[in-house]
Amino acid sequence: NEADVVEYRDMVTIIRDRLRAMVTKGMSLEQVQQAKPTSDYDALFEARNDWTGEMFVDAIYRDLMKSGERDSAGGPKQ
């Protein structure tokens, strides 16, 4: 229903923003994974058999890296 879609959209946005902040600080994927940015949503991921919080973080992290969240030297964008 519409409320579920809104809740999902909010979750994705919150997690993306958390990861963007971590990428901007220059954190590696391993460091981001260790920070557990999806911890308050892990129950939602555990309810699904085809997608995990770790997989979700990996996908968003890689997308942020492709979109240029870091400068050409590999550090955070200034």
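(A) Representation of the overall build of the protein in the model. From N to C terminus, the protein includes four helices and zero strands. Moving toward the C terminus, one meets the helices and strands of the protein in the order α-α-α-α. The proportion of buried residues among the 78 residues of the protein is 29%. Of all intrachain contacts in the protein linking residues separated by at least 6 positions in sequence, the fraction that spans at least 24 positions is 57%. In the structure as shown, the protein presents an accessible area of about 5400 Å², 51% of it carried by carbon and sulfur atoms.

(B) Looking closely at the nonpolar core. Grouped together as the largest cluster of nonpolar side chains are 15 residues, with contacts concentrated most on Ile 15, Leu 19, Val 32, Phe 45, Ile 60 and Tyr 61. Within the residue set of this core, elements represented by two or more residues are helix 1 (2-24), helix 2 (29-35) and helix 4 (53-66). Those residues in contact with Leu 19 that sit more than four places away from it in its chain are Val 32, Pro 37, Val 57, Ile 60, Tyr 61 and Leu 64.

(C) Up close: the pattern of salt bridges. Scanning all chains against the criterion turns up five salt bridges. Note that Asp 17 is salt-bridged to Arg 16, the shortest N-O span being 2.7 Å. Looking at Arg 16, the relative accessible area reads 30%, which means it is partly exposed. With a closest N to O distance of 2.8 Å, Asp 40 and Arg 18 form a salt bridge. Residue Asp 40 is located in the loop between helix 2 and helix 3 (42-46), and its partner Arg 18 is located in helix 1; the two are separated by 22 residues in the primary sequence. Judged by its relative accessible area of 48%, Asp 40 is partly exposed.

(D) Molecular detail of helix 4. In this model helix 4 runs 20 Å from its N-terminal to its C-terminal C-alpha over 14 residues, within 8% of the 20 Å that 1.5 Å per residue would give. Those residues of helix 4 that fall on the buried side of the exposure criterion are Gly 53, Phe 56, Val 57, Ile 60, Tyr 61 and Leu 64. Axial view of helix 4: buried residues confined to an arc of 130°, hence all on one face. For helix 4, the exposed residues set more than 90 degrees away from the buried face come down to Glu 54 and Lys 66. Looking at the buried positions of helix 4, the neighbouring elements they touch are helix 1, helix 2 and helix 3. Looking one or two residues beyond helix 4, the residue adopting positive phi is Gly 68, at roughly 85°.

Reading the values: the criteria
- Here the residue numbering is sequential within each chain, running from 1 through the sequence in written order.
- In keeping with the model being predicted, local features are shown solely for residues with a pLDDT of at least 70 and side-chain atom pairs are shown and tallied solely at 80 or more, while totals for entire chains, interfaces and linings include all residues.
- Remark: hydrogens and water are excluded; side-chain values derive from all non-hydrogen atoms of the structure.
- Helix and strand definitions here come from DSSP, where helices need a minimum of 4 consecutive H or I residues and strands a minimum of 2 consecutive E residues; each element is numbered from the N-terminal end.
- Burial here depends on accessible area, computed with a 1.4 Å probe over protein chains only, as a share of the maximum for the residue type. Under 20% is buried, over 50% is exposed, and the range in between is partly exposed.
- The contact definition used throughout considers only heavy atoms, calling two residues in contact when any of these lie within 4.5 Å.
- Calculation of accessible area relied on Shrake-Rupley with a 1.4 Å probe; when residues are assessed, cover is drawn exclusively from the protein chains displayed.
- Only buried Ala, Val, Leu, Ile, Met, Phe, Trp, Tyr and Cys residues count toward a nonpolar core, and they belong to the same one when joined by side-chain atoms within 4.5 Å.
- Basic side-chain nitrogens of Lys or Arg form a salt bridge, by our definition, when they fall within 4 Å of a carboxyl oxygen of Asp or Glu.
- Expected helix span is taken as 1.5 Å per residue step, with the number of steps being one fewer than the number of residues.
- Picture the helix axis, draw a direction to every C-beta atom, and the arc is the one those directions span.

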